[in-house]
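Listed here are the chains, written in short residue letters.
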Amino acid sequence: MTTARPALDPELRELLADMPLMSQLSPDVLAQLRRLPSTPVEPLLAHRQVDRREVTVPAKDGVPIPLSVFSPANSDPATGAPCVYWMHGGGMVMGDRFSQIDIPLEWLDEFGAVVVSVDYRLAPEATGTALVDDCYQGLLWVAEHAAELGIDPARIVVAGASAGGGLAAGVTLLARDLGAPAIAAQMLICPMLDHRNASTSSRQYAGGPGVWTREMNEFGWRAVLGDLTDDEVPAYVSPALADDLSGLPTTYIDTGSAEVFRDEDTDYATRIWAAGGQAELHVWAGGFHGFDALYPQARISATARRTRTEWLARLLLPDSAT
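**Student:** Is there a simple way to explain the sheet that holds strand β6 (residues 185-189) in this structure?
**Tutor:** Either a parallel or an antiparallel arrangement is found when strands of a sheet pair, and the pairing is made through backbone hydrogen bonds. On the basis of which strands lie adjacent, the open sheet formed by 8 strands has the order β1-β2-β4-β3-β5-β6-β7-β8 and mixed pairing. Unpaired on one side and paired on the other, β1 (50-58) and β8 (279-284) mark the two borders of the sheet. Put simply, the sheet's adjacent strands are angled 15° from each other on average, direction ignored. In terms of strand pairing, strand β7 (residues 250-256) meets β8 through 6 bridges, oriented parallel. In the sheet register, Gly256 faces β8, and the bridge partner there is Trp284. This element, helix α7 (residues 163-178), spans β3 (81-87), β5 (151-161) and β6 of the sheet and lies at about 140° to β5. Lying over the sheet, helix α10 (residues 262-274) contacts β6, β7 and β8, oriented at roughly 160° with respect to β8.

So, in C-alpha cells, the structure goes:
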C-alpha cells in the first residue's frame, strides 16, 4: 500500500523534474558517484576577498585530516571573529570539505566569520566513531588555535548539512560530555540523526526514486555501522539515540516536510525542549531533502537560507539590527 506524501513546493517540483533521481545506492553506484568531479571551490572564492589556508590535523589514529580555513582578507586577528566549523553532507559515504561550502561562505560575507571545513574520512572505508572523531579532532584544533586564526573562542558554531548535520550533532554531544571545546551553537541543516529508519517520514520516502530515499539512507548507515547491532551503536554516531539532550548549546534545526529526515529532525528539537534546552525548528512546506543546497535560486530556498542567517545574526551580533 502506497503511503501518501506531502506535496512538493510547486517551484521545487518543476526544478526537480530535470534532475535524474535514484531509488537505491550500491557499492558500484557509489564508486561511480565518487568518480564524478568534486565541487570546485575556486569559483566561489573568485568574487570574495578571502584568505585560504590548508592544514592537516592528526586523527586519533594518526591519519592526517585535511581542514580548509577561509578567513576574510585583511581581517585583524586581534578582533576575534566568529567561526563556523562546517561538516559536509553526502550520506557519510561521499562528498568532501567543499561540498555545500557556499552555505557557510555566505556567513563569512555576512558576519566576517572564519569558516573551517573538515574532510572527515568516509564510510565504508572508515566505520563506527571514526567519522565523528575526525570532526571532533578538527574542532579541537580550531579551538586550540583560535588566537592564531583570529577566532573568538566564545563564538564557535558547529554546522553541517545532511550527514554533516548528524556529525555536527554528534560532535556537540562529544564536546558536552568531554567538557571541551566550548560551542556557542549548533546549526543542523536537514540532519541525518537516526540509523533506525523507523519514522513515518522514512516510510513515506521509500519504494521510489528521490534525492535521498529510505533505501539510500539504509545503505549509508550500513556503510558506517558495519556489523554493529542496534544496542552497540554509539549515540555520537546516531545522535537520536542519546538519552540525555540537556546541556546542549542553542540549536537551529531545519528540514523539509517532504523528506526522509523530517520526523527524526522534529523529534530531536522536541527532545531538546523537553530537556530544558533552546532550539529553533523550521519545517519548510514542500521541501525535499537538501532543496536549498541543490536549488538556492528557488523562493523557498532563499527564504530558508535567509532565515538561518537571521538566526545566526541574533546569536553572533546581538547588539546589531538584522
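Read on for the rest.
**Student:** Just to check I follow, could you spell out unusual backbone geometry for this structure?
**Tutor:** For residues besides glycine, phi is generally negative; the peptide bonds are generally trans as well. The omega torsion across Ala123 and Pro124 is 5°, close enough to zero to call that bond cis. Along the chain, Pro124 falls in the loop between β4 (114-118) and α5 (130-144). The residue after Ala180, namely Pro181, is reached through a cis peptide bond having omega -5°. Its location among the elements puts Pro181 in the loop between α7 and β6. Of note in the backbone geometry, Cys190 takes a positive phi value of approximately 40° without being a glycine. Tracing the sequence through the fold places Cys190 in the loop between β6 and α8 (200-204).

**Student:** Just to check I follow, could you spell out the state of the cysteines for this structure?
**Tutor:** Working definition of a disulfide: a covalent bond connecting the sulfur atoms of two cysteines. According to the stated counting rule, one finds 0 disulfides in the structure shown. The closest cysteine sulfur to the non-disulfide-bonded Cys190 is located on Cys135, 16 Å from its own sulfur. Here Cys190 falls in the buried class, since its relative accessible area comes to 6%.

**Student:** I would appreciate a short explanation of the side chain of Asp194 in the present structure.
**Tutor:** Considering the arrangement of structural elements, one finds Asp194 in the loop between β6 and α8. For Asp194, the side chain forms a polar contact with the side chain of Arg196, separated by 2.8 Å.

**Student:** Help me out: how do you make sense of the pairing of β6 in this one?
**Tutor:** Regular strands have side chains that alternate between both faces of the sheet. Taking burial as the measure, the 5 residues of β6 include 5 buried ones, the bulk of the element. Judged from the 5 bridges that link them, β5 and β6 form a sheet pairing that is parallel. Among the inter-strand pairings, Gly160 is bridged to a residue of β6, identified as Leu188. For the handedness criterion, the β-α-β arrangement of β5, α7 and β6 is classed as right-handed. Both β6 and β7 contribute to a ladder of 5 bridges, which runs parallel. Its bridge partner being in β7, Ile189 is matched across the sheet by Asp254.

Procedures and definitions
- Residues numbered from 1 in each chain as written.
- Predicted model: local features only at pLDDT ≥ 70, side-chain atom pairs only at ≥ 80, totals over all residues.
- Heavy atoms only, no water.
- Pairing = 2+ DSSP bridges.
- Helix = DSSP H or I, 4+ residues; strand = E, 2+ residues; numbered from the N terminus.
- Axes fitted to C-alpha atoms, helices over the stretch in contact; angles between N-to-C directions.
- Contact = heavy atoms within 4.5 Å.
- Disulfide = S-S within 2.5 Å.
- Buried < 20%, exposed > 50% of the residue type's maximum accessible area, 1.4 Å probe, protein only.
- Polar contact = N/O pair within 3.5 Å; in protein donor to acceptor, adjacent residues only side chain to side chain.
- Right-handed = clockwise from strand over helix to strand, strands pointing away.

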